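Next come the chains, spelled out residue by residue.
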Amino acid sequence: MAENIKLEVVTPEKSVVSEDAQIVMAPGTEGEFGVLSGHTPFLTSLKLGTIHYKNSEGKEAFVFVSGGFAEALPDRVTVLAESAERRRDIDIDRAKAAKKRAEERLAATGKDIVMERARTALSRSLHRINLAETRS
Ligand code: ATP
């Protein structure tokens, strides 16, 4: 059987994942990529999206990531993100409240920078809701 890789997902606040994985899929800014043991080392930025992996027992897991960076080495993948949480830890009511706030800000006129922040907040909330509600 193929060897596992160590997946680490870290935010400024906490370690979200520290687990052996058979395969890790992540949303690179250049496109979705997969990492298996023995992969050629590389570094990439990440888009907002979902990290999807199979743990050492073959069980699938999903982790929201707000964007960030990933370093892949032959035996490990390290993800640094501003925010991240496992699918099961997503609070849907909180995400819906964040969505409502962002939509209200976008409906009002404001400075470009504020609108941009509202747009990214809206993207985070929509992705969290989608991940929490639709993946099993
Ligand atoms: P909010 O306005 O609800 O804080 P946000 O998108 O601004 O949402 P982030 O800045 O992405 O929040 O994340 C701040 C922290 O809160 C991170 O630790 C993140 O994992 C956590 N977090 C944010 N939203 C949720 C959620 N809906 N469920 C669980 N954890 C969340």
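All figures in this text were calculated on a predicted structure; none of them were measured in a lab. (Residues numbered from 1 in each chain as written. Predicted model: local features only at pLDDT ≥ 70, side-chain atom pairs only at ≥ 80, totals over all residues. Heavy atoms only, no water.)

What follows deals with the pairing of strand β3 (residues 31-35). Bridging between strand β2 (residues 15-28) and β3 involves 5 bridges; their strand directions are antiparallel. Note on β3: the bridge partner recorded for Pro27 is Glu32. Remark: 2 residues form the turn of the hairpin made by β2 and β3, two consecutive strands paired antiparallel. (Pairing = 2+ DSSP bridges. Helix = DSSP H or I, 4+ residues; strand = E, 2+ residues; numbered from the N terminus.)

Near the ligand you find 14 residues, and of these Ser83, Glu85, Arg94, Arg101 and Arg124 are the closest. The contact in question runs from an oxygen atom of the ligand to an N or O atom on the side chain of Ser83, over 2.7 Å. Contacts to the ligand include Arg101, whose side-chain N or O atom sits 2.6 Å from an oxygen atom. For the ligand, whose free accessible area comes to 590 Å², the fraction covered by protein is 76%. If you map the ligand onto the pockets, it falls in the largest pocket. If you tally residues by element for the shell around the ligand, the top one is helix α1 (residues 92-107), at 4 residues. Looking at the shell around the ligand residue by residue, the class counts come to 4 nonpolar, 1 polar and 9 charged. (Near = heavy atom within 4 Å. Polar contact = N/O pair within 3.5 Å; in protein donor to acceptor, adjacent residues only side chain to side chain. Areas by Shrake-Rupley, 256 points an atom, 1.4 Å probe, with all protein chains shown as cover. 1 Å grid on protein atoms, 1.4 Å probe; cavity = no way out; pocket = protein on both sides within 12 Å on 5 of 7 lines; lining within 4 Å. Sits in = over half its atoms within 2 Å of the grid points. Nonpolar A, V, L, I, M, F, W, Y, C, P; charged D, E, K, R; others polar.)

Turning to the packing of α1 against helix α2 (residues 112-134), a few remarks are in order. Where α1 contacts α2, the two axes come as close as 8 Å, and the packing angle between them is 150°. It follows from the interaxial angle that α1 and α2 lie roughly antiparallel. Here the hand of the crossing between α1 and α2 comes out left-handed. Residues Ile92, Ala95, Lys96, Ala98, Lys99, Ala102, Glu103, Arg105 and Leu106 of α1 form the contact with α2, whose participating residues are Met115, Ala118, Arg119, Ala121, Leu122, Ser125, Leu126, Arg128, Ile129, Ala132 and Glu133. Of the residues contributing to the contact of α1 with α2, the split by class is 12 nonpolar, 1 polar and 7 charged. (Axes fitted to C-alpha atoms, helices over the stretch in contact; angles between N-to-C directions. Parallel < 35°, antiparallel > 145°, perpendicular 65-115°, else oblique. Left-handed = near helix turned anticlockwise from the far one by under 90°. Contact = heavy atoms within 4.5 Å.)

This brings us to the domain arrangement of the chain. For the chain, the assigned domains read domain 1 (5-87) and domain 2 (91-133). One C-alpha centre belongs to domain 1, the other to domain 2; they are set 24 Å apart. Listed per partner, the contact involves 10 residues of domain 1 and 7 residues of domain 2. Of the roughly 670 Å² buried where domain 1 meets domain 2, counting both sides, 67% is carbon and sulfur surface. (Domains from an automatic or database assignment. Buried area = accessible area lost by both parts, 1.4 Å probe.)

If you look at the biggest cluster of nonpolar residues, it comprises 22 residues, and the most contacted ones within it are Val9, Ile51, Tyr53 and Val79. Within the residue set of this core, elements represented by two or more residues are β1 (5-10), β2, β3, β5 (49-55), β6 (60-65), β7 (68-73) and β8 (76-80). Not counting residues up to four positions away in its chain, the partners in contact with Val79 are Glu8, Val9, Val10, Leu46, Ile51, Val65, Phe69 and Ala70. Among the nonpolar cores identified, the runner-up in size contains 5 residues, and Phe62, Phe64, Ile90 and Leu131 belong to it. (Core = buried A, V, L, I, M, F, W, Y, C linked by side-chain atoms within 4.5 Å. Buried < 20%, exposed > 50% of the residue type's maximum accessible area, 1.4 Å probe, protein only.)

Moving on, we get to the environment of Arg117. Mapping Arg117 onto the fold places it in helix α2. Judged by its relative accessible area of 64%, Arg117 falls in the exposed class. It is 29 Å that separates the C-alpha atoms of Arg117 and Val24, two residues lying 93 residues apart in sequence.

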